[in-house]
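So the chains spell out like this:
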Amino acid sequence: MNLIPILNTLSFLIVLVLLHDFILRRYYKETASYQVFSGVLFGLIAVLSMLNPIFETTIIFDGRSIVLFIGSYFGGFVAALIAGVMSITVSILLGGEGVTVGVLIITISIIIGLISRTLFFSEPETIRKRAKILASIIILHFCIILTLLLIPAGAKQEIGREISIPVLLIFPVITYFLYILIDQHQNQLRLRREYQRVQENFRQLAENNYNYLVRFDIEGDIIYQNQKFIDLCNLQSGRNRGKINEILFVGNSTINMDIVFSQINAKRRYLSDSEDIFVDKNNNPIYVIWSFEGVFNSNNRLEDVIASGIDVTERHRLQMALDNSESHLSSIFDLAADAILIGNPQGQIIRANQRAYELTGYKENELIGKSIGILFSKEELERVPFRYDLLNQGLVVRSERYLTRMDGSLTFIEMNTKRMPKGTYSAIIRDSSERKKYEDELRAGEERYRTLFESANDAILLLKDYKVLECNQKALELFEIGKEKLIGLSPWEFSPRQQKGRLYSNALAIKYIDIALNGDVPHFEWEHIASKDKIIYCEIKLNLVEIGQEKFVQAIIKDISEQKKNLLLIADKESMLIEKNKKLSEINNELKAAKIKAEESDKLKSAFLANMSHEIRTPLNGILGFCELLKGKELDNEKAQIFIHVIEKSSQQLLELINDIIDLSKIEAKQETLHQDIFRLDDLISDLYNLYFPSATNKNLKLTVTKEVPNSVTVMGDLLKMKQILGNIINNALKFTQNGSIEIIYRQHGEKFQFLVKDTGIGISEADISKIFERFRQIETELGKSSGGTGLGLAICKSLVELMGGNIKVQSEVGKGSVFIVEVPLIVEACEANNQKLVLEDPIIKTINLTGKKILIAEDEAVNMLLIKSILEECNATVFEAFNGLEVVDLVEKGLTIDLIIMDIKMPKLNGIEAAIKVFEMNANIPIIALTAYAMHQEIHAIRQAGIKDIVTKPIDTNDLFFVMNKYLG
Ligand code: ADP
């Protein structure tokens, strides 16, 4: 056996180990680069060993199996493939008889190497694993021996002899040791790497640690310190490390490093309980708490100490703040207006504030340590139990209950309870007795209001923000709507779009509500809509309701639809009533007027009685006295004639007086009314002239008329009153004028007419002029005494003129004469241009020839009948008599031919007027002359209306009678 190839092979293997170590260091672990490089390496070494065969027999035999097995095992598939390809290529290139065996050996080595890797590589390094590897190696080489069987028969013997032993004994040993060498080397490398990584990790951990880290030995010399610690100590990085006892707990009286060491020796670790104080660059304190951990060797001797410091500056600051707030809270606790109790988990009171003592009435020693249950009666606790279940869920429990005070009195409270940290409970108790009282009152008030609200006869709505907030049952019935629908509606949403006055419901409703909100109480009519568009007429009153700060408007709604329907009926009735009322008030007025009249006439009657008694008695005394004289003695005719004359005069005076009194009474009783007659002024004056002409002639006075009215004027006015006034004045003129003349002048004066009566009589003094219009005033003159009179004439004239709207004046001079001026308004009816001459005839008719004339006299009084009959028979008339109206009618009915009827008006059975009407019905041509006691205007009109044209007044003036009869009988 040649030693050189063996040495070669060994040297190749050493190169292999060295290069593999190099690759391994560079490409740690199973990277692709490692596989490629180790493949190439193993391939090269295998090729080199093939080129240096150990046995140069027929078949070259070398160390390729060793190299390729190890290469496949450590390098894996890629390395095995590369090394295999390289070896096989070279083997084929070398050629020879043993090519096939050579390729086979390469293939077997690689396959078994890969199988071993797959099976054992990841197993931990144990004897067992190594045994398995050894077994694999032996199997490999056994297989190689078997391949030798494939060698040609000639060479077999030689090869078997030379190779078998070394292959089976030496090759496996070399392979195994090579494996051990590489494997150990690989493990070593891995461990070193692991260690480096751990160390790096630790370093990074220490450097980046938030805590201060420092390691020192038992001498106190610092071995390691992290950057944070260096910063803390203001040491510069890289400077000589100092002594630990010069850095930690400097100036601290309670702890030092000796204490720390002894504590660590005793307990292995130590945690400092007091803070170590450092100062930062800005001189602010840094508070640190240290923990120490001893590092002991295998003999349990302390070698080093690791100190770790935690910065507690922030915690320190918080603690300070907490302490501050704690004292703050404590004072709040005592000042709180509510009672505060703090109880422990067992329910005992551990703290109470001042208010709690006041509220409960207990003293501190009576409350602290006691169960909170002493504050509540058993019944109350059953009624409102403490809800520990809820409290333990962390909820705030709010309750209201009665608290029993120390003296046994009850106080209504509101209690808020909450579980606090560390299992304590805090209860805040508020005295709500006042509130409870108000609430109870409010509830009662509310109840009352609700009862009123619900039982009200009218619908009531409570409005808020123009919307219905609440309503009563009546409202729901009225609007035929459900409560849930009504609530939230605005009033105009259940009203027609427009109200009666054409105003829009919404605008109008808002206006009314605003008025109510301002405190007024609007009252108005409104139309609402109920279901099926039914219109409801309502009368609404709004008023403001203030509850707390809130303002509501309450609407009281009255359904007046029915009333509305009845309204027309009522209106009708009302107008009827008004009419009735009007009539009643008219009647009332009439009654009032009648009453006034009655009172006046009563007054008049009294005045009449008082004033008249004297005036009436005087002529009556004359009459009665002379009658007595005439009866009693034998008087000669001359004396008797004188007495009769006196009686006649007194009677005339009495008659005149009575007429005047009646006239005056009527005027004063305001019974005198004006009548509208249409007459010609000329006729009025000529009548007067004719009437007074005889008297003037008797006294040798000249009576003249001066007409100053240019035309013949027809006027409207009261003819009789005009005659009465002017007649009276003319009569006075005749009385108070002895000689000379009397002139009647009439003229128009503006709207009025003036009538002047001028006389040349005795005149009236200035002083007397104002008196002559007073009643019963007669001026004391000789003439006045002899001429009689009542003193009422001018008073009557004045009243009548004034009644007609005119006036009466007098101008007079004593001894020369007087002018009486009457001015009255008369309405001009017609004015004839041709000035008719005023015809003034001599009116005196001494007697009348009535021969052949048939005259019917109707008169119920026998004396009067006799007088008239005597007068007419003296004129040769044929006279028929009737004593009442019926008899007149009978006679005419019987066909009696009559030329004239003289008819008294006041008669029994049938009065003159009625009789005249009936007579005219039978024969309209029979002239009738009315005979009446005194001229009542009503009567005169009735007489005229009946168709009677002329009237003669009683007592009968024959002159008058003849004058009138002459008209009809010629
Ligand atoms: P009597 O009825 O007395 O005439 P009157 O009222 O008519 O009453 O007149 C009042 C008085 O006025 C008379 O009494 C008289 O003194 C005076 N009197 C009236 N008219 C005239 C007159 N024409 N001339 C003078 N005196 C007159």
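Quick notes on the rules
- Residues numbered from 1 in each chain as written.
- Predicted model: local features only at pLDDT ≥ 70, side-chain atom pairs only at ≥ 80, totals over all residues.
- Heavy atoms only, no water.
- Helix = DSSP H or I, 4+ residues; strand = E, 2+ residues; numbered from the N terminus.
- Rg over C-alpha atoms; globule rule 2.2 N^0.38 Å.
- Buried < 20%, exposed > 50% of the residue type's maximum accessible area, 1.4 Å probe, protein only.
- Contact = heavy atoms within 4.5 Å.
- Areas by Shrake-Rupley, 256 points an atom, 1.4 Å probe, with all protein chains shown as cover.
- Lys, Arg positive; Asp, Glu negative; His and termini not counted.
- Charge placed at Lys NZ, Arg CZ, Asp CG, Glu CD.
- Pairing = 2+ DSSP bridges.
- Axes fitted to C-alpha atoms, helices over the stretch in contact; angles between N-to-C directions.
- Parallel < 35°, antiparallel > 145°, perpendicular 65-115°, else oblique.
- Left-handed = near helix turned anticlockwise from the far one by under 90°.
- Nonpolar A, V, L, I, M, F, W, Y, C, P; charged D, E, K, R; others polar.
- Patch = residues over 30% accessible without salt bridge, like charges linked within 9 Å, V, L, I, M, F, W, Y side chains within 5 Å.
- Salt bridge = Lys/Arg side-chain N within 4 Å of Asp/Glu carboxyl O.
- Expected span 1.5 Å × (residues − 1).
- Polar contact = N/O pair within 3.5 Å; in protein donor to acceptor, adjacent residues only side chain to side chain.
- Core = buried A, V, L, I, M, F, W, Y, C linked by side-chain atoms within 4.5 Å.

## A few points about the overall build of the protein
Next, step 1: Assigned secondary structure in the protein consists of 29 helices and 31 strands.
Next, step 2: For 970 residues, the compact-globule formula gives about 30 Å, and the C-alpha radius of gyration of the protein, at 83 Å, lies well above that figure.
Next, step 3: Its C-alpha atoms give the protein principal-axis dimensions of roughly 245 × 85 × 60 Å.
Next, step 4: Looking at the protein as a whole, 40% of its 970 residues qualify as buried.
Next, step 5: By sequence separation, contacts in the protein at least 24 residues apart represent 57% of the contacts at least 6 residues apart.
Next, step 6: Within the structure as shown, the protein displays about 55200 Å² of accessible surface, and the carbon and sulfur contribution to it stands at 55%.
Next, step 7: Side-chain charges in the protein split into 110 positive and 124 negative, and the spacing between the mean points of these groups amounts to 7 Å.

## Thoughts on the sheet that holds strand β15 (residues 467–471)
Next, step 1: With antiparallel pairing, the five strands of this open sheet are ordered in space as β15-β14-β18-β17-β16. Every other strand in the sheet has two partners, leaving β15 and β16 (523–529) as the edge strands with one partner each. Across this sheet, the average inter-strand angle for adjacent strands is 40°, counted without regard to direction.
Next, step 2: In the packing of helix α14 (residues 433–455) onto the sheet, the strands contacted are β14 (459–464), β15 and β18 (550–559), and the crossing angle to β15 comes to about 100°.

## Topic: the environment of Thr760
Next, step 1: Mapped onto the elements of the fold, Thr760 is located in the loop between β23 (752–759) and α22 (766–769).
Next, step 2: Thr760 gets classed as partly exposed once you look at its relative accessible area, which sits at 34%.
Next, step 3: In this structure, the C-alpha to C-alpha distance between Thr760 and Leu734, residues 26 residues apart in sequence, is 9.7 Å.
Next, step 4: With sequence-adjacent residues up to four places away left out, Thr760 is seen in contact with Thr737, Asn739, Gly740, Ser741, Lys816 and Gly817.

## Some words on the packing of helix α2 (residues 32–51) against helix α3 (residues 64–94)
Next, step 1: In the contact formed by α2 and α3, the axes pass within 7 Å of each other and the chain directions differ by 45°. By the angle between their axes, α2 is oblique relative to α3. Read as a crossing pair, α2 and α3 show a hand that is right-handed.
Next, step 2: Its residues assigned to classes, the contact of α2 with α3 comprises 21 nonpolar, nine polar and one charged.

## Some remarks on a nonpolar patch on the surface
Next, step 1: On the surface, a nonpolar cluster with roughly 580 Å² of combined accessible area is contributed by Val36, Val40, Leu44, Phe77, Val78, Leu81 and Val85.
Next, step 2: Of all elements in the fold, only α2 and α3 reach the threshold of two or more residues within the nonpolar patch.
Next, step 3: Sorting elements by how many residues they give to the nonpolar patch places α3 first, with four residues.
Next, step 4: Structurally, the position occupied by Val40 is in helix α2.

## Here we look at helix α29 (residues 958–969)
Next, step 1: Between its terminal C-alpha atoms α29 stretches 15 Å, which fits the 16 Å expected from 12 residues at 1.5 Å a residue.
Next, step 2: All of the buried residues along α29 are Leu961, Phe962, Val964, Met965 and Leu969.
Next, step 3: For α29, the secondary structure elements touched by its buried residues are β27 (854–858), α25 (862–874), β29 (900–904), β30 (928–932) and β31 (950–953).

## Looking at the side chain of Asp663
Next, step 1: Here Asp663 lies in helix α19 (residues 637–668).
Next, step 2: Buried Asp663, no salt bridge; nearest opposite-charge side chain is Lys666, N-O distance 5.3 Å.
Next, step 3: Within polar-contact distance, the side chain of Asp663 engages the side chain of Gln724 at 2.4 Å.
Next, step 4: When residues no more than four places from it in sequence are discounted, the contact partners of Asp663 are Glu672, Gln724 and Ile796.

## Some remarks on the pairing of strand β4 (residues 222–225)
Next, step 1: As defined by bridge partners, strand β3 (residues 212–217) adjoins β4 across three bridges and the pair is classed as antiparallel. Bridge pairing in β4 links Val214 to Gln225.

## Quick look at the environment of Lys707
Next, step 1: Summarising the element assignment, Lys707 is placed in strand β20 (residues 702–707).
Next, step 2: Between the C-alpha atoms of Lys707 and Leu681, which are 26 residues apart in sequence, the distance is 9.7 Å.
Next, step 3: A distance of 3.0 Å separates a polar atom in the side chain of Lys707 from a polar atom in the side chain of Asp682.

## Here we look at the pattern of salt bridges
Next, step 1: On inspection of all chains with the given rule, the structure shows 40 salt bridges.
Next, step 2: Across the salt bridge formed by Glu194 and Arg197, the nearest N and O atoms sit 2.7 Å from each other. One end of the pair, Glu194, and the other, Arg197, are both in helix α6 (residues 153–208), three residues apart, so they sit about a helical turn from each other.
Next, step 3: With a relative accessible area of 35%, Glu194 lands in the partly exposed category.
Next, step 4: Counted as one network, the salt bridges with shared partners bring together Arg398, Glu400, Glu414, Arg435, Lys436, Glu439, Asp440 and Arg443.

## Notes on the environment of Leu931
Next, step 1: Looking at the element boundaries, Leu931 is found in strand β30.
Next, step 2: Accessibility expressed as a relative area gives 0% for Leu931, which makes it buried.
Next, step 3: With residues up to four places along the chain from it excluded, the contact list for Leu931 reads Glu859, Ile868, Ile902, Met903, Asp904, Ile905, Val952, Lys954 and Ile956.

## Quick word on the packing of helix α1 (residues 3–26) against α2
Next, step 1: Where α1 meets α2, the axes come as close as 10 Å, and the angle between the chain directions of the two elements is 170°. With respect to each other, α1 and α2 are oriented roughly antiparallel. Of the residues in α2, those in contact with Phe12, Val15, Leu16, Leu19, His20, Ile23 and Leu24 of α1 are Tyr34, Phe37, Ser38, Leu41, Phe42, Ile45, Leu48 and Ser49.
Next, step 2: Of the residues in the contact of α1 with α2, the class split is 12 nonpolar, three polar and no charged.

## Side note on α2
Next, step 1: End to end, α2 covers 28 Å across 20 residues, agreeing with the expected 28 Å (1.5 Å per residue, within 8%).
Next, step 2: Within α2, the full set of buried residues consists of Tyr34, Gln35, Ser38, Gly39, Leu41, Phe42, Gly43, Ile45, Ala46, Val47, Ser49 and Met50.

## What about the nonpolar core?
When a protein is soluble and globular, its nonpolar side chains tend to lie buried together.
Next, step 1: Counting residues in hydrophobic clusters, the biggest one holds 49 residues, and the most contacted among them are Leu681, Leu684, Phe755 and Val822.
Next, step 2: When residues of this core are assigned to their parent elements, the largest contribution, eight residues, is made by helix α20 (residues 681–698).
Next, step 3: When near neighbours in sequence (up to four residues on either side) are disregarded, Val822 contacts Ile725, Leu726, Ile729, Phe753, Gln754, Phe755, Val801, Asn807 and Ile808.
Next, step 4: Within the second largest apolar cluster, 45 residues are counted, among which are Ala83, Ile108, Phe171 and Tyr176.

## Examining the sheet that holds β31
Next, step 1: Spatially, β28-β27-β29-β30-β31 is the arrangement adopted by the five strands of the open sheet, whose pairing is parallel. Looking at the sheet topology across the chains shown, the edges are occupied by β28 (878–882) and β31. For this sheet, the mean inter-axis angle between neighbouring strands, taken without regard to orientation, is 20°.
Next, step 2: The pairing of β29 with β30 spans four bridges and is parallel. By the bridge assignment for β30, Ile901 is matched with Ile928.
Next, step 3: α25 rests against β27, β28, β29 and β30 of the sheet, and its axis sits at about 165° to β28.
Next, step 4: Packed onto the sheet, helix α26 (residues 885–893) meets β27, β28 and β29 and runs at close to 130° relative to β28.

On their own, these measurements won't tell you what the molecule is for.
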